[in-house]
Amino acid sequence: NRVKFSMPLFKTNQYNYLNDRTIGLLEFIQCTFEKKFELNKLKITLFTCFDSLFNGKFEFKENEIDLFTVYNTNFESISDLYGCKFKRFNIEKSIFNNFAGFEKCIFGTENKLDEEVAVFKHTTFKDNFNIRDSKFLSGIDLRNTNLQGETNLLNAEINTNNTNRESFRVLKHSFDSIGNIIEANKYYQKEMKKREEELRRDLPSNLFEWCIFKIHGLSSNHSQNSLLALFWIYIISLFFALFVFYEKEDEYLNKFNCTFRNSWLNYTYNNDGLFDFAIIIIIPIILGIIFTLINNYGKIGLWILFCLFWTGSYILITHDYSLSIVANSVNPFSIITEKGTLTLGELLYKIIIAYLIYQLIISIRQDTRRK
């Protein structure tokens, strides 16, 4: 309490006097450290620092801390907290004038409690703020954080449940400010999801706005997933093609039956030996594709299987082996290039497809644009 240290307070060989390298309480109040502060590889129940100043390097690496609290404290030199594990973490009204490193740290626990959210309240980082490869198991709070330098969040894992929307906005802005558009877009998507949750809590007063956000999320994961937009374009076009087929059933059946009679599929089907051989070859291939997709591609594999299932069902119903009805239905501007009228259902379909094509283009651009 109210001590000025003109030389280092701790040295490595002093750790030999600690039982099990464990400290119950370490508290500094109105202290000044002129030289390097070094304290590494310890188990600390409570570390608190109030109204203090670190003029030298602050090295606090690979420690395990139950509660870490810093209030109204300035760090003039490098701060290195590499590899620490914090159950509860709170820094408030403090300034980091030099590099601040929290690389490979773990904040919170698997319990994901609200009180375990890592809080940086009214904290200013004037230089680099590095939390690369760190895990925020219970979330992070950056609502009142001032990030003036570059922020490095490469491979950082942030629990979204307890992280507020403003924190994702701050992270997005920090990447935008240094021109890292691709990383900024990832946090933009998380920001949109949190906004959707806020609107859901206020239902039914914000019903229309919530519906817009929900559709935006389902269609392309807030313009971040081009494959999702492409998936919906294909599936909706497939079902619409079935609708068109049933409206002109006789016309299409005659056309496809004629095509089928002249195809290799008809020849194989009527030749028992070839048909049996095809079944023996095709079924293991299909099963192998299904197993590979599910095991190696997860959710994308399930999307592909869903598309394959409905494509097969569509072909069995319509005999449209070339998917020509589907392909001709996708163009949302066909009414401009063709003479004819639209039903309400066709108009709604073309509006949906136009919107999904727009989302597809935006999603691809979000992942590839330079500026």
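Rules used throughout
Residues numbered from 1 in each chain as written. Predicted model: local features only at pLDDT ≥ 70, side-chain atom pairs only at ≥ 80, totals over all residues. Heavy atoms only, no water. Pairing = 2+ DSSP bridges. Helix = DSSP H or I, 4+ residues; strand = E, 2+ residues; numbered from the N terminus. Salt bridge = Lys/Arg side-chain N within 4 Å of Asp/Glu carboxyl O. Buried < 20%, exposed > 50% of the residue type's maximum accessible area, 1.4 Å probe, protein only. Axes fitted to C-alpha atoms, helices over the stretch in contact; angles between N-to-C directions. Parallel < 35°, antiparallel > 145°, perpendicular 65-115°, else oblique. Left-handed = near helix turned anticlockwise from the far one by under 90°. Contact = heavy atoms within 4.5 Å. Nonpolar A, V, L, I, M, F, W, Y, C, P; charged D, E, K, R; others polar. Core = buried A, V, L, I, M, F, W, Y, C linked by side-chain atoms within 4.5 Å.

(A) Structural view of the pairing of strand β5 (residues 43-50). The sheet contact formed by strand β2 (residues 22-29) and β5 spans seven bridges and is parallel. If you follow I23 over to β5, its bridge partner there is I44. Here β5 runs beside strand β8 (residues 64-71); their pairing, made up of seven bridges, is parallel. Residue pairing in the sheet places T48 in a bridge with T69 of β8.

(B) Fine view of the pattern of salt bridges. Tallied over the entire structure, the rule returns nine salt bridges. Close ionic contact of K57 with E59 constitutes a salt bridge, the shortest N to O distance being 3.4 Å. For K57, a relative accessible area of 27% gives the class partly exposed. Across the pair R143 and D141 runs a salt bridge, and its minimum N-O distance is 2.8 Å. Under the relative-accessibility criterion, R143 is labelled partly exposed at 45%. Salt bridges sharing common partners tie together K36, E38, K57, E59 and K61.

(C) Inspection of the packing of helix α1 (residues 165-177) against helix α2 (residues 181-201) at higher detail. Close contact between α1 and α2 brings their axes to 8 Å; oriented N to C, the two are set at 160 degrees. The orientation of α1 relative to α2 falls into the category roughly antiparallel. The chirality of how α1 crosses α2 is left-handed. Contact with α1, carried on its side by R165, F168, R169, L171, K172, F175 and D176, involves I181, E183, A184, Y187, Y188, K190, E191, K194, R195 and E198 of α2 and no other residues of that element. The class makeup of the residues in the contact of α1 with α2 is seven nonpolar, no polar and ten charged.

(D) Expanded view of the sheet that holds strand β17 (residues 129-130). Pairing is parallel in the open sheet, where six strands are placed in the order β4-β7-β10-β13-β17-β21. Every interior strand has two partners, whereas the edge strands, β4 (37-38) and β21 (151-152), have only one.

(E) Spotlight on the nonpolar core. The biggest cluster of nonpolar side chains holds 47 residues, and the ones touching the most others in it are F47, F60, F68, F86, F102 and F120. Elements with a contribution of two residues or more to this core: β2, β5, β8, β11 (85-92), β15 (118-121), α1 and α2. At four residues, α1 tops the list of elements feeding residues into this core. Ignoring any residue separated from it by four or fewer positions in sequence, one finds F47 in contact with L26, F28, F37, F58, F60, I65, L67, F68 and T69. Counting seven residues, the second-largest nonpolar core is a separate cluster that includes A229, I233, I353 and L360.

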